[in-house]
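One-letter residues, chain by chain:
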Amino acid sequence: MKIVVAYKWAANPQDAEVGPDGTVDWSRAKGAVSEYDPVAFELARVLADTCAGEVVGLTVGAAAIDTPLARKAALSRGLDSLVMVADDALRGADGTRIAAVLAGAVRAIGDVDVVVAGESSVDVGDRQVAMTLAAQLGWAGLNAVRAVTADGGSLVVEREVAGGVETVVAGGPVVLAATADAALPRVPGMKEILGAAKKPTQVLDLAALDVPAPADTIAPVSTARPDTGNRQGVMLDAADLPAAAAQLTAALRQSGVL
Amino acid sequence: MNVSSQAWVVVADDATIGGLLGAARPLGTSLVALVAGRREVAEAAAAAGVDRVVWLGEPADGVPVEAYGPAVGRVVAEAAPRVVVGPATDSGRVLLGAVAAATGAVVLAGASELSLDGDKVVVERAVGGGIALRRDRVVAGTAVVAVAPGGTVAGAAPVAVEEVDPGPLLALRVTDRRVTPRVGVDLGSAKTVVGVGRGLKAREDLALIEDLAAAAGGELACSRPLAEGVDWVGKERYLGISGQTITPDLYVAVGISGQIQHMVGVREATTIVAVNSDPHAPIFRECDYGIVGDLYTVVPLLAEAFRAARS
């Protein structure tokens, strides 16, 4: 079984600067394997180990995602090999284009049975790309996945639904987005980090992937800082905590929220 | 691609579509619901004040709504409406992904406001995980937008349910469904919520926070590390960007630093109170009242004061 882990090399918005006009400056935020993705590596590795499968990492983005550090960070997480599309034409690409490039790369890898992804990217947070990828491939897509096993030619998927857990059998290839706590990801040790250098990485040429050119469907109008609600920001005196508690309680009662 | 002036909503086997209809209705000259899922959902949509209901037929036993992705994509692409609004839910995102793949549109997620500028749809949404807001105009093709599905709607004179052939479905089958013991909590409608974060040192100490929640007449909630890192609190009580979003009158954040991923889920609270031992915690910049102090000292005092005030 060939398993692809589709992950993102992304910066955490916690490290981005937001200007007064809502413009976001990412220049001081460093890339990393996106926070929600290590669980996808783990699910893929566990699945591969139970069915003598192979795990291929896949990430796409601007040229800067391809560094020795970035390769090592992915390859030390249980991958057998890594495939990248790193091209500045993808800088700031929208989710549908990223999904189309991922789909092109999955086709180029060939004979893929399942793609596993995290539930969301840390820098965008739309929770959409994996499911758009499924549709681009013509495959089924399932969200909120907490476990997956192989059963003959089928994949048996456990997913969370309102009030419970469902078992879904996928008879064909499928894209799965894992819940953030589907598995406890192993932390790469020295052995894995050293071993990463020996694993193969293939960089695919974007132009060779036969992905349609981006359609300019969206034009920016404006940006803004999110409204923080004009909070009062009253700091109560911590030197006298009983008085602070009383003062707070009185204020909350007066404004009718307690 | 030329688009019609219609507004469509995609319904994913769930009749709670008030939010979808409210978002889509002002954007088109007519409102069409495309329903994947059971007939009863199609009939509920037909009585929710739409102009047309297009239904993809009764699913065979065990066929989940995700199997209808290709059908949803094809029907929407053929109709080429001005806008498609779908639910920002697990299955909704699968169907919207199918629409995106079929139309080439990008799914605009996290939309907070939709409007029309001439015949173009303008979408305001949170970007960068919620750190900024951005407004875009959809200048070509269909606008595809994900919004919170909202509540049920009824009472309109029902329109006919038009059944169309979905064509081949994807090979998915639900073979088992287990109810998990944790009962659902409705944090979304709670008036008071007490959230706890990494400042809590041990699971047993949750009793302190539960007591504060009880004293305030509210629900217990938490930040991500407590639900997904250590599993001390049920995941359905986790607030933030991939958890719950709340709109209470009062939110008390205890031992929560106030990372943006958390604040995105609680920003709509009328009043925010923060208790944290770190005077530099970011939450003190986004609260109405702040107390710098050890939660193990502050929380019992607050519980006592709240209880006395409310009795």
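Only a predicted model underlies this, so the values are computations on that prediction, with no experimental measurement involved. (Residues numbered from 1 in each chain as written. Chains lettered and ligands numbered in written order. Predicted model: local features only at pLDDT ≥ 70, side-chain atom pairs only at ≥ 80, totals over all residues. Heavy atoms only, no water.)

Draft legend 1. Structural detail: the packing of helix α5 (residues 206-216) of chain B against helix α8 (residues 295-310) of chain B. Residue and element names in this part refer to chain B. At a closest axis distance of 8 Å, the pairing of α5 and α8 adopts a crossing angle of 20 degrees. As judged from the angle between their axes, α5 and α8 are roughly parallel. Here α5 runs over α8; the crossing is left-handed. On the side of α5, the interface is formed by Leu208, Ile209, Asp211, Leu212, Ala214, Ala215 and Ala216, while α8 contributes Leu295, Tyr296, Val299, Pro300, Leu302, Ala303, Phe306, Arg307 and Arg310. A per-class count over the contact of α5 with α8 returns 13 nonpolar, no polar and 3 charged. (Axes fitted to C-alpha atoms, helices over the stretch in contact; angles between N-to-C directions. Helix = DSSP H or I, 4+ residues; strand = E, 2+ residues; numbered from the N terminus. Parallel < 35°, antiparallel > 145°, perpendicular 65-115°, else oblique. Left-handed = near helix turned anticlockwise from the far one by under 90°. Contact = heavy atoms within 4.5 Å. Nonpolar A, V, L, I, M, F, W, Y, C, P; charged D, E, K, R; others polar.)

Draft legend 2. Quick look at the pairing of strand β2 (residues 31-36) of chain B. All names here are of chain B. Here β2 lies mainly inside the structure; 6 of its 6 residues are buried. Neither face of β2 is left uncovered, since the one carrying Leu31, Ala33 and Val35 and the one carrying Val32, Leu34 and Ala36 both have all their residues buried. Summarising the sheet, strand β1 (residues 7-12) and β2 pair through 6 bridges and their orientation is parallel. When the bridges of β2 are listed, Ala12 appears paired with Ala36. The handedness of the β1 to β2 crossover, carried by helix α1 (residues 18-24), is right-handed. Bridging between β2 and strand β3 (residues 52-55) involves 4 bridges; their strand directions are parallel. (Buried < 20%, exposed > 50% of the residue type's maximum accessible area, 1.4 Å probe, protein only. Pairing = 2+ DSSP bridges. Right-handed = clockwise from strand over helix to strand, strands pointing away.)

Draft legend 3. Local environment of the interface of chain B and chain A. The partner chain A presents 80 residues to the 76 residues of chain B that form the contact. Buried surface at the junction of chain B and chain A, summed over both partners, amounts to about 6700 Å²; 57% is from carbon and sulfur atoms. Remark: the boundary between chain B and chain A carries 7 salt bridges. Our count for the contact surface shared by chain B and chain A stands at 33 residue pairs in polar contact (both at pLDDT 80 or more). Strand direction decides the pairing type here: strand β11 (residues 164-170) of chain A and strand β11 (residues 172-179) of chain B, joined by 7 bridges, are antiparallel. Looking at the pairing, A:Ala170 lines up with B:Leu172 of β11(B). (Buried area = accessible area lost by both parts, 1.4 Å probe. Salt bridge = Lys/Arg side-chain N within 4 Å of Asp/Glu carboxyl O. Polar contact = N/O pair within 3.5 Å; in protein donor to acceptor, adjacent residues only side chain to side chain.)

Draft legend 4. Representation of a nonpolar patch on the surface. Residue and element names in this part refer to chain A. A contiguous nonpolar surface patch, about 300 Å² in accessible area, is contributed by Met190, Ile193 and Leu194. Relative to the helices and strands, Ile193 is located in helix α5 (residues 190-196). Overall, the relative accessible area of 32% leaves Ile193 in the partly exposed class. (Patch = residues over 30% accessible without salt bridge, like charges linked within 9 Å, V, L, I, M, F, W, Y side chains within 5 Å. Areas by Shrake-Rupley, 256 points an atom, 1.4 Å probe, with all protein chains shown as cover.)

Draft legend 5. Highlighting the sheet that holds strand β15 (residues 271-276) of chain B. Pairing in this open sheet of 6 strands is parallel, and the strands run β15(A)-β16(B)-β15(B)-β14(B)-β12(B)-β13(B) from one edge to the other. Two strands lie at the open edges of the sheet, namely β15 (234-236) of chain A together with β13 (219-222) of chain B, each paired on one side alone. Across the sheet, the mean angle from the axis of one strand to that of its neighbour is 20 degrees, orientation sign disregarded. In terms of strand pairing, strand β12 (residues 192-196) of chain B meets strand β14 (residues 250-254) of chain B through 5 bridges, oriented parallel. When the sheet's bridge partners are listed, B:Val193 is paired in β14(B) with B:Tyr251. In this fold helix α6 (residues 241-254) of chain A packs onto β15 of chain A together with β14, β15 and β16 (289-292) of chain B, with an angle of close to 165 degrees to the strand it touches most, β16(B).

Draft legend 6. Representation of helix α1 (residues 38-50) of chain A in the model. All names here are of chain A. Taking 1.5 Å per residue as the helical rise, α1 with its 13 residues ought to reach 18 Å, and the 19 Å between its terminal C-alpha atoms agrees with that figure. Burial of α1 is extensive: 10 of the 13 residues sit out of reach of the surface. Among the residues of α1, those classed as buried are Pro38, Val39, Ala40, Phe41, Glu42, Leu43, Ala44, Arg45, Leu47 and Ala48. Among the residues trailing α1, Ala52 stands out with phi positive, at a value near 50 degrees. (Expected span 1.5 Å × (residues − 1).)

Draft legend 7. Geometry of the environment of B:Val196. Looking at the secondary structure, you find B:Val196 in strand β12. A relative accessible area of 0% means that B:Val196 is categorised as buried.

Draft legend 8. Looking closely at the pattern of salt bridges. Applying the stated criterion across every chain yields a total of 32 salt bridges over all chains. A:Lys8 is paired through a salt bridge with A:Asp123; the nearest N and O atoms lie 3.0 Å apart. Remark: A:Asp123 occurs in the loop between β8 (114-117) and α4 (129-137) and A:Lys8 occurs in the loop between β1 (2-6) and β2 (9-11); sequence separation between them is 115 residues. Given the relative accessible area of 27%, A:Lys8 is considered partly exposed. Taking relative accessible area as the criterion, A:Asp123 reaches 15% and is therefore assigned buried. Here A:Glu35 makes a salt bridge to B:Arg224, at a shortest N to O gap of 2.6 Å. Of this pair, A:Glu35 sits in the loop between β5 (31-33) and α1 while B:Arg224 sits in helix α6 (residues 224-229), placing the two residues on different chains.

Draft legend 9. Examining the sheet that holds β2(B) more closely. All names here are of chain B. The strand order across the open sheet built from 7 strands is β5-β9-β4-β1-β2-β3-β10, with neighbouring strands paired in parallel fashion. Only two strands of the sheet have a single neighbouring strand rather than two, namely β5 (107-108) and β10 (161-163). Across 3 bridges, β1 lies against strand β4 (residues 83-87) in parallel orientation. Residue pairing in the sheet places Ala7 in a bridge with Val83 of β4. Strands β1, β2, β3 and β10 of the sheet are contacted by helix α2 (residues 39-46), whose axis makes an angle of about 170 degrees with β3.

Draft legend 10. Looking closely at helix α2 (residues 68-75) of chain A. Residue and element names in this part refer to chain A. Buried within α2 we find Ala70, Ala74 and Leu75. For α2, the arc enclosing every buried residue in end-on projection is 125 degrees, short of the 170-degree limit, so these residues lie on one face. Along α2, exposed side chains directed more than 90 degrees from the buried face belong to Pro68 and Leu69. Looking at the buried positions of α2, the neighbouring elements they touch are β2, β5, α1, β7 (81-86), α5 and β13 (201-203). (Arc of directions from axis to C-beta.)

Draft legend 11. Local environment of the environment of B:Val266. All names here are of chain B. Following the sequence through the fold, Val266 ends up in the loop between α7 (260-263) and β15. Look at Val266 and you get buried, because its relative accessible area is 0%. With 21 residues separating them in the primary sequence, Val266 and Thr245 have C-alpha atoms 6.1 Å apart. Apart from the residues lying within four places of it in its own chain, the contact partners of Val266 are Leu239, Ile246, Tyr251 and Ile272.

Draft legend 12. The packing of aromatic side chains, seen in detail. Residue and element names in this part refer to chain A. A complete count under the given rule lists 1 aromatic pair over all chains for this structure. Relative to Phe41, the ring of Tyr7 has its centre 5.2 Å away and its plane inclined at 50 degrees; by these criteria the two rings are tilted. Highlighted residues: Tyr7 in the loop between β1 and β2 and Phe41 in helix α1, separated in sequence by 34 residues. The pair Tyr7 / Phe41 is uniform in exposure class, with both members buried. (Phe/Tyr/Trp six-rings, centres within 6.5 Å; stacked < 30°, edge-to-face > 60°.)

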